[in-house]
Structure formats: structure tokens, C-alpha cells
Amino acid sequence: MSTPLSVDRATARRFLVHRHLLAPPRSLAAAPESVRTVVGRLGSLQFDPLDVTGRNHDLILAARIQGYRRSLTDDLLYRERWLYEAYNKGLSLLPTSELPWYRLRWDQARARHDASTFVEHDALVEELLDRIRRDGPLSSTDLEPRAAIDWYWRPTNQVRAILEALAEAGILALSRREGNRRVYDLAERLFPTDLLAARPSEEEQRRHKLLSRYRAHGLLGTSGGQSEIWIGTGAAADRYRARDTLLAQGELVPVTVEGVRGQRLVLRDEVPWLEAAATDPSATSSEAGVAFLAPLDPLAWDRDLLRSLFDFDYVWEVYVPAVKRRWGYYVLPILWRDRLVGRIEPRIERKARVLRVQDVWWEDDFEPILTEGFIEAFVAALGAHARFLGADRIAWPRAARHRAMGALVRERLGPSGRLPARSPVRS
């Protein structure tokens, strides 16, 4: 095992923002290669269907790619098949080349459904597979609904449930999405034969999946933290065994961070960045820029680390009852340089092509108006977010506490809040 490194909090923050391609934000060009770059760095982008102000994986990419549009990722998913959907930390977008190291969940679901679902509903299983073989990709809405059956948390149309079970088992896979409607095809038509045939051991797959969490975040702890970080990596004993193997192999290097409880782990290949952040801050300095982080951005996965390293308490309140929310329904952290300085709740009004800022909350020790360069960077981030959503106007909240900031925003946008004339990037 490598000798532990030791860094201060400022170094750790600079390192994280740099390795997350957020120093500065939106530094990559609007091209498929930029999506590949982000996925290559983070390894896994968590998918969530909620589209209040952009879907989670699109928000992750829009924070790093100037002029990002959804079609860049959709083409890699549904046309080139460079990406595919699978379960990692929740439903995620993963490189198709790594499929063999994530197929354990398919194999486990296949064994489970072979012993129950596929026996009980064998006639429908054969009907659906025969139709797909004959006619091609199929959605549950392409057939008349059948009687609902008990399915996970609620009764579900039998066709939808069996298609989902066949996909869970790796017999079918996602051909495309039409909105949130899933269209399935045979996995053998969608993925290369050699990838489907490859069978790393269960231990190798679990180790790869655990490493993917460190890949995505960059500075996770050796254990503990929020349980959702480790979903799918096995029982605690399996996870610790895989972690110890990765440490022994030198894939992960231990780090202690001033003021942060417990040991952290960094990827071996990223140690030079961490050392540069410590010895030559300019090498990983955070250029002036503002980014709105997705709720499930890998940088925001470890809420405990956000509190101890960034002094920022973030809770995604989308599933919190409205009366118990401290902030709002779909609120995004605001990153400025290597600090998290506030929260913003943007909503897209698509028919009116308006990005409406519902509310903004600043950290107590941050004065946006008095911070040199911040207003310009914040307005640039608002404009980029609006264009990503296809909006051409920004509406600022009217509450009295927002008036001074609103005046400065409008001064740069114009009284109407309309974006400066330029070809908007449509999503």
C-alpha cells in the first residue's frame, strides 16, 4: 500500500474542482468528444428522469461543456452505442466498453426472474420476444395493456412489467427513449458479441464497481458516508475486501485532509494533480467561473465531505414534503472558483421560452455583490443554462431581498431579461 499523503483543505478543494473539469466551468467545446472526455474522467453519470431544469446527466455535462445540447449524449447512447444505461449508483450512463464489468446485476436478475417471473408469465415472455424478433424494437405502449400485476412498489401493466424484467435480466436492452417512454430491443442486436460473451468474475466486477465510485468522485472515504454512495457494491464486508485489494494493488492511494475526519482515497493516476495543487496552486487554480451543479453531480455525492471541506450543507429536497423543505423542490448548488457559495432554484417555462429563477440563497459568509468578478460570472452561468434549455429570456425573483442583485443582473441582461442576440443552442 502507498504511503498516505497529507494535504490541507484548500489543496483538496482545488484538486477536486480541477479533476472534475470545473476549473473553469464550461471549458470544453460542444462536441461528442467532450462528452467522451467527461465520461472518461468520471466514468459514470447518474440518470434521473426528472426534467425540472434539465435531466441530471445533462446538467452534469452542461456545467462542463459550453453550448452543451442533449443530442450530443443521445447520439452516443442510441446511435453510436458508445454509452448505455445500466445500474451502478442508481440508473447510470456508462461506457459500453465496460459492459462486462457491470453485468453481475443482469445475471442476478436473470436467475431471480427465471425462477419466478418468467415461469409465471411464460406465455407473455414468448409473445413479447417473438414480436421483437419479428418486428423490431418495442415499447409497452405498442401493445394493448394487460391486467395489472404486483410489481415492486405498485401494481403495473403486465406488458410493462415483463419488458422491464427482460431488460433487468439482460435479455432486452434500451434501444432508445422517447421522452421517458422506454423502447426495447434484443441485447444481442445492440451490443457487440464479444462484450456480451465476456465474463469477468464476480469479485472482479464488484471491485470494478467499487473503483467506479472513487473514479466518479475523486476523494471518497475508505468507508461509511451516505449509504447511497455504495449502492450495488455488495455487503460491507465485500466492499472492504475489494477496497483493501485496490489499496494493495496501488490503484487507490490514501490521503488525509486537514479538518476532514477519516482517511480519503484518491486514484493513483490523479496523485500528481493532488501534489500539484499542494506545491504549485497555480497548476490547479480555479479560474473565475460559476457553475450550477446537478443534484446528483459526483462532486456533490458525499454530503458529509461538502460540510467538512466546503462548509456547505446540501440536501436534495425533491422528495422532502414541501412544508419541511429549507430551500426548494429542485435546487442546485452554486460553485464559484473552488467554493460553494449558494443555491439556486431555476425552472424552465418551455412554451414561453423563459428560464425563471424561483429563488436564490447565498451562504452567510458570501457577499455576491462585493465579490470581484462574481456578477459577470454568475450572469454568464445563467445565460449558458438558459440556452441549454432553449430559453431566450431570464426572469429574476421579485422578493425584496433579491432587488439589489436583480438590478445588477438586469443591468447586464437588459430590462427585459432577454439574452444578448446570438444563435441559441437548442436542447
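Keep in mind that what you see is a predicted model, and the values were worked out from it rather than measured.

Q: Lay out the sheet that holds strand β14 (residues 339-349) in plain terms, naming residues and giving numbers.
A: Strand order in the open sheet formed by five strands is β12-β13-β14-β15-β16, with mixed pairing between adjacent strands. Of all strands in the sheet, those with a lone pairing partner are β12 (290-292) and β16 (393-395), marking the two edges. Along the sheet, successive strands turn relative to each other by an average axial angle of 35 degrees, direction set aside.

Q: How would you summarise the nonpolar core if you had to cite specific residues and measurements?
A: Leu172, Val290, Phe292, Ile344, Phe374, Phe378 and Leu382 are the most contacted members of the largest nonpolar core, which has 107 residues in total. Looking at which element gives the most residues to this core, the answer is helix α15 (residues 374-389), with ten residues. Residue contacts for Phe292: discarding those within four places in its chain leaves Ala63, Leu332, Pro333, Ile334, Ile344, Phe378, Ala381, Leu382 and His385. Core analysis: the second largest hydrophobic core is formed by twelve residues, Leu220, Ile229, Trp230 and Leu267 among them.

Q: Any details on unusual backbone geometry? Residues and values, ideally.
A: With an omega of 0 degrees, the peptide bond running from Ala23 to Pro24 counts as cis. Despite not being glycine, Asp311 has its phi angle at roughly 55 degrees, a positive value. With respect to the secondary-structure elements, Asp311 resides in the loop between α14 (303-310) and β13 (332-336). Judged by its relative accessible area of 52%, Asp311 is exposed.

Q: Can you explain the packing of aromatic side chains? Please cite residues and give values.
A: Summed over the entire model, instances satisfying the criterion amount to 17 aromatic pairs. Between Trp336 and Phe374, the aromatic rings sit 5.3 Å apart at their centres with planes inclined by 90 degrees, giving edge-to-face as the arrangement. You can see Trp336 sitting in strand β13 and its partner Phe374 sitting in helix α15, a full 38 residues away along the chain. The rings of Phe292, Trp336, Trp362, Phe366, Phe374, Phe378 and Trp396 are connected pair by pair, giving a single aromatic cluster. Sitting above the plane of the Tyr87 ring, Arg105 keeps its charged end 4.1 Å from the centroid. Taking NZ or CZ as reference, Arg343 lies 3.8 Å from the ring centre of Trp327, over its face.

Thresholds, definitions, all that
Residues numbered from 1 in each chain as written. Predicted model: local features only at pLDDT ≥ 70, side-chain atom pairs only at ≥ 80, totals over all residues. Heavy atoms only, no water. Pairing = 2+ DSSP bridges. Helix = DSSP H or I, 4+ residues; strand = E, 2+ residues; numbered from the N terminus. Axes fitted to C-alpha atoms, helices over the stretch in contact; angles between N-to-C directions. Core = buried A, V, L, I, M, F, W, Y, C linked by side-chain atoms within 4.5 Å. Buried < 20%, exposed > 50% of the residue type's maximum accessible area, 1.4 Å probe, protein only. Contact = heavy atoms within 4.5 Å. Phe/Tyr/Trp six-rings, centres within 6.5 Å; stacked < 30°, edge-to-face > 60°. Lys NZ or Arg CZ within 6 Å of the ring centre and 35° of its normal.

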